[in-house]
Structure formats: structure tokens, C-alpha cells
2 protein chains.
Amino acid sequence: MLAAAAKVFCEQGYVNASVQDVAEELGILKGSLYHYIDTKEDLLFRVLSEVAEDTGQILREVEEEADSMAPLDALRLYALRQVEFSMDHQVRVAVYHREIEALSESSRRLLVERHRRHERFVVGLIEQAQARGEVQPAFDPGALSKCVFATIVWTARWYSPLRDARRHFADRCAEFVVCGLSGPLAEGA
Amino acid sequence: MLAAAAKVFCEQGYVNASVQDVAEELGILKGSLYHYIDTKEDLLFRVLSEVAEDTGQILREVEEEADSMAPLDALRLYALRQVEFSMDHQVRVAVYHREIEALSESSRRLLVERHRRHERFVVGLIEQAQARGEVQPAFDPGALSKCVFATIVWTARWYSPLRDARRHFADRCAEFVVCGLSGPLAEGA
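**Q** Before we go on, may I ask you to explain the state of the cysteines in this structure?
**A** Should the sulfur atoms of two cysteines be covalently bonded, the bond is a disulfide. Counted by the stated rule, this structure contains 0 disulfides over all chains. Not engaged in a disulfide, the cysteine B:Cys10 finds its nearest cysteine sulfur in B:Cys173; these two sulfurs lie 19 Å apart. Given a relative accessible area of 23%, B:Cys10 falls into the partly exposed group. No disulfide involves B:Cys179; its sulfur sits 8.5 Å from that of A:Cys179, the nearest cysteine.

In C-alpha cells, the structure reads:
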């Protein structure tokens, strides 16, 4: 149901799409769909929550592994896994970033709060790397983290599974992130 | 007129917004607005065309300067100027990337064609840098260029003029791009 809803929201845009369209995509009656959801916004919230759930699961896995890793290696692993997720779930990730503002304030806030955990993790690793002299200490970790998320999020917009070799490009994006963070020090030091 | 339209489209979303809303934002009658435009889509197309015009102007300026520069320096300058544009015109840039798919196929294609000039420029510089041994030759320049555009585009979503020092962060994004491209070679060579 959520995959069908994501497809319809992606193709038609959330505002244009109706619960009827989602029911047709599923080949069921609209009434049957209303057994599972209350409103169209409820459906959107569930699609976006599932994305938050899945990327949160990746975060937890990387957090566990990160304990025994250098901070930039943990960042590389985090970027790699999240970029791969953006590649494998392009439609859902694109809908997430395009439509999150269509949610009511309270629903949106729940998702933003969940994203904050990702920000704290990435910012924390950048701060650790700065303490080790691996990232320029003068740069604001919050702003740097935005550059990291840009690479992850934008992947869902441009990646073409037919054209691009999945692992090669995920590796490349992860390297882009790590070198983007650590590069200036080598040059400037 | 275009600034008012961009504001309304950004706040309400293009599909929700009406020509009436834009007229109210301007403090004029809807009929007066129809002197200048034919349809709501016409208004969206003009907003996005203006963004394409302005970023195209930046491209031309950087192209001129680039003739006497090393390719990675030209890329740094291009990223810096485009990130600054995303910061200074957040609303218009955000509407561009969120609503471009709401345009008719023919209008959309005109804008995509204009963006191709940016892609060719960035890809060309990456290829030159590869020929000079400054970027890993094994990486696909097209995919690398997407990472560059990710940093530029995403800025419009996260930048906060009250929180972030404009030039410092534009510099940081430009460095992130250049080091992201050139970093792995230094490490791996």
C-alpha cells in the first residue's frame, strides 16, 4: 500500500493525487483503502514515516559499528549506506523531500525530530574528527553536516539504475563526502 | 511580480496557490495580473526562467574568467558563485527544484536544456582536471558533476541568513566541492 501511494504521489504530486488514484494503483476499491487509513494526509505521513523508520534503522546499525571506527571512517560508512538507500528507494526518498512540507505542523515536527538524530550523529562525528585534527576546526560542524546530507538526498533525484553502477557510485559519493570534509586541512595546514 | 509569485508558490505550493493569491500578495486585482500572464503555469514558467537566466549569467561570467584558470580553481569559483546565488535567492531556487515537474513537458524541456550548459561546463572542467591528474581518472565525470550540483541546490533548503555567515559558508561549500573531487587522488595515489 505504501509503495503504491509513494508511486502515485511521486508521479502526480501529492496535492494532485487522490486516495482514489492510490486505490486504482492497488486495484482495490477506495472504501477498502479507508479500512487502513483515515485521510490522504495520513497516507502521506505513513509513506514518509516508513522512510524515517528505514533510514533510522541504517543509523542505528552504523552507530553500533562506529564505536570501533575512526570518525571519518564512520562517516564514510554512514554516507555509503544512506546513498545506497536513496538509490534503492528513489521514489520514496524523492517524495519525502518534496512533500514533507505538505504535512500538518505536528506530523512534520515528528519527522524533523527523527531527522535530528541523524544530524546529531553526523555533527558528533565531525566534531570528533576536528578534535583529532582531521577536519578544519574553524568550520561549523552544523553547516558541514548539511553538505553531507545534500549528497545523500540529491542522489534520489539524479541516480539512474540503468546508467549508473550502483556500488561504484555509492562509493564515489561517500568518498566525495569524506574528502570534502577532510580535504582543506591537507591543503591549508 | 515574479518575486511575489515565487513567494506564494513557495509558501503554499504551486498546486495549492492561485493567480488570485499572487494578485493579493501584490495588492492588485487578478484581472490586472492577467494583462501580463496567460495562465498560472505561465507565471511558474516565468519564475523558473528567471532563475535559469540569472544562473546562466553566472555561468557566462565564470566561463570568461575560467579561460585563464586551472580547472579546479574554475570549479571552485563556479561553486562559490552558484552557492551564493542559492543563498541570496532561496525562495526562487527552492521553487525551481520543487516545482519544475509541474510544468508542461515542452516548458520543462526548455529549462532542462538550459541546465545542460551548466552540466557540460562542470563535466568539461572535471575532465580537464582528470587529464592533469588532479581528479581520479577512473571516476565518471557525469556522476561527479551531480555531487557538485547537490551541494549548490541543497543550500537553498538549509541556509539560514540569520544563523550563517554568508561568505564563510559559501567558501566552505566551494571547498567541500573541490576537495570532494580532488581528495581521493591525494589519498589513493
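**Q** In this structure, what is going on with the interface of chain B and chain A? I would like to understand it.
**A** Interface size is commonly expressed as the accessible area that is lost once the parts come together. Listed by partner, the interface residues are 35 residues for chain B and 35 residues for chain A. Counting every contact that joins chain B to chain A gives 4 salt bridges. A salt bridge links B:Glu101 to A:Arg98; the nearest nitrogen and oxygen atoms lie 3.4 Å apart. Taken together, chain B and chain A are joined by 4 residue pairs in polar contact (both at pLDDT 80 or more). Elements that contribute at least two residues to the side of chain B that touches chain A include exactly helix H6 (90–99), helix H8 (141–158) and helix H9 (166–188) of chain B. Counting residues per element, the side of chain B that touches chain A draws most heavily on H9(B), at 13 residues. Counted by class, the side of chain B that touches chain A contains 20 nonpolar, 6 polar and 9 charged residues.

**Q** Would you take a moment to explain the relation of the copies chain B and chain A for this structure?
**A** Each of the two copies of the chain can be brought onto the other by a rotation about an axis and a shift along it. Each copy of the sequence occupies a distinct position, and chain B is placed on chain A by a rotation of 180° and an axial shift of 0.0 Å, giving an RMSD of 0.0 Å. In short, the pair behaves as if placed about a two-fold rotation axis. Closest approach to the rotation axis within chain B is made by the C-alpha atom of B:Gly180, at a distance of 1.9 Å. When you check the interface residues of chain B against chain A, 100% turn up at the interface there too, and the contact is symmetric in its surfaces.

**Q** Just to check I follow, could you spell out the packing of helix H5 (residues 71–88) of chain B against helix H7 (residues 105–131) of chain B for this structure?
**A** The relative placement of two packed helices comes down to the angle between their axes together with the axis-to-axis distance. All names here are of chain B. Relative orientation of the contacting elements H5 and H7 amounts to 150°, with a least axis distance of 8 Å. The pairing of H5 with H7 is recorded here as roughly antiparallel in orientation. The two elements H5 and H7 cross, and the hand of that crossing is left-handed. Contacts between H5 and H7 involve Pro71, Leu72, Ala74, Leu75, Tyr78 and Gln82 from the former and His118, Phe121, Val122, Leu125, Ile126, Gln128 and Ala129 from the latter.

**Q** Before we go on, may I ask you to explain helix H2 (residues 19–26) of chain A in this structure?
**A** The α-helix advances 3.6 residues per turn, and as a result positions three or four apart in sequence lie on the same side. Residues and elements named next belong to chain A. For H2, the complete set of buried residues consists of Val19, Val22 and Ala23. Buried residues along H2 cover an arc of 100° about the axis, so they all sit on one side. Each element contacted by the buried residues of H2 is listed here: helix H1 (2–12), helix H3 (30–33) and helix H4 (40–66). Once H2 finishes, Gly27 follows within two positions and takes phi at roughly 70°, a positive value.

**Q** Looking at this model, I keep getting lost on the pattern of salt bridges. Mind explaining?
**A** Pairing between side chains becomes possible if they bear opposite charge and their charged atoms approach one another. All names here are of chain B. Under the definition given, this model contains 42 salt bridges over all chains. Residue Glu175 is joined to Arg76 by a salt bridge in which the shortest nitrogen-to-oxygen separation is 2.6 Å. A residue pair is termed long-range when its members are at least 10 positions apart, and Glu175 in helix H9 and Arg76 in helix H5 qualify at 99 residues. Its relative accessible area of 21% is what places Arg76 among the partly exposed residues.

**Q** Where do I start with the side chain of A:Arg98 in this structure?
**A** Relative to the elements of secondary structure, A:Arg98 occurs in helix H6 (residues 90–99). A:Arg98 sits in the buried class, given a relative accessible area of 16%. A polar atom in the side chain of A:Arg98 sits 3.4 Å from the side chain of B:Glu101. Each residue touching A:Arg98, except ones within four places of it in the same chain, is listed here: A:Cys10, A:Arg157, B:Arg98 and B:Glu101.

**Q** What am I meant to see in the nonpolar core here?
**A** Proteins that are soluble and globular tend to have nonpolar side chains buried together. Counting 130 residues, the largest nonpolar core has A:Phe9, A:Leu48, A:Leu181, B:Phe9, B:Leu48 and B:Leu181 as the members making the most contacts within it. When residues no more than four places from it in sequence are discounted, the contact partners of A:Phe9 are A:Tyr14, A:Ala17, A:Val22, A:Lys40, A:Leu43, A:Leu44, A:Val47, A:Val95 and A:Glu99.

**Q** Would you explain the packing of aromatic side chains in this entry?
**A** Here a ring pair, both rings aromatic, is described through the centre-centre distance and the interplanar angle of the planes. All names here are of chain A. In the structure shown here, the tally under the stated rule is 7 aromatic pairs over all chains. Connected via pairs of aromatic rings, a cluster forms that spans Tyr78, Phe121 and Phe149. Positioned above the aromatic ring of Tyr14, the side-chain terminus of Lys40 is 4.4 Å from the ring centre.

**Q** I would appreciate a short explanation of the packing of H7(B) against H8(B) in the present structure.
**A** All names here are of chain B. Remark: H7 packs on H8, axes separated minimally by 9 Å, with the N-to-C direction vectors making an angle of 115°. Crossing of H7 against H8: the hand is right-handed. Here H7 contributes His115, His118, Glu119, Val122, Val123, Ile126, Glu127 and Gln130 to the contact with H8, which in turn contributes Pro141, Gly142, Leu144, Ser145, Lys146, Val148 and Phe149. Grouping the constituent residues of the contact of H7 with H8 by class yields 7 nonpolar, 5 polar and 3 charged.

**Q** Explain the environment of B:Val148 here, please?
**A** If you trace the backbone, B:Val148 turns up in helix H8. With residues up to four places along the chain from it excluded, the contact list for B:Val148 reads A:Phe176, B:Val122, B:Val177 and B:Leu181.

**Q** Any chance you could explain the confidence of the model for chain A here in plain terms?
**A** Residues and elements named next belong to chain A. Summarising the model, chain A shows a mean pLDDT of 90, and 97% of its residues fall at 70 or more. Taken element by element, the predicted model of chain A shows its lowest mean pLDDT in helix H9 (residues 166–188) (78) and its highest in H4 (96). The complex model carries a pTM of 0.87, and its ipTM stands at 0.81.

About the cut-offs
Residues numbered from 1 in each chain as written. Chains lettered and ligands numbered in written order. Predicted model: local features only at pLDDT ≥ 70, side-chain atom pairs only at ≥ 80, totals over all residues. Heavy atoms only, no water. Disulfide = S-S within 2.5 Å. Buried < 20%, exposed > 50% of the residue type's maximum accessible area, 1.4 Å probe, protein only. Contact = heavy atoms within 4.5 Å. Salt bridge = Lys/Arg side-chain N within 4 Å of Asp/Glu carboxyl O. Polar contact = N/O pair within 3.5 Å; in protein donor to acceptor, adjacent residues only side chain to side chain. Helix = DSSP H or I, 4+ residues; strand = E, 2+ residues; numbered from the N terminus. Nonpolar A, V, L, I, M, F, W, Y, C, P; charged D, E, K, R; others polar. Least-squares fit on C-alpha atoms with pLDDT ≥ 70 in both. Axes fitted to C-alpha atoms, helices over the stretch in contact; angles between N-to-C directions. Parallel < 35°, antiparallel > 145°, perpendicular 65-115°, else oblique. Left-handed = near helix turned anticlockwise from the far one by under 90°. Arc of directions from axis to C-beta. Core = buried A, V, L, I, M, F, W, Y, C linked by side-chain atoms within 4.5 Å. Phe/Tyr/Trp six-rings, centres within 6.5 Å; stacked < 30°, edge-to-face > 60°. Lys NZ or Arg CZ within 6 Å of the ring centre and 35° of its normal. pLDDT = per-residue confidence, 0-100.

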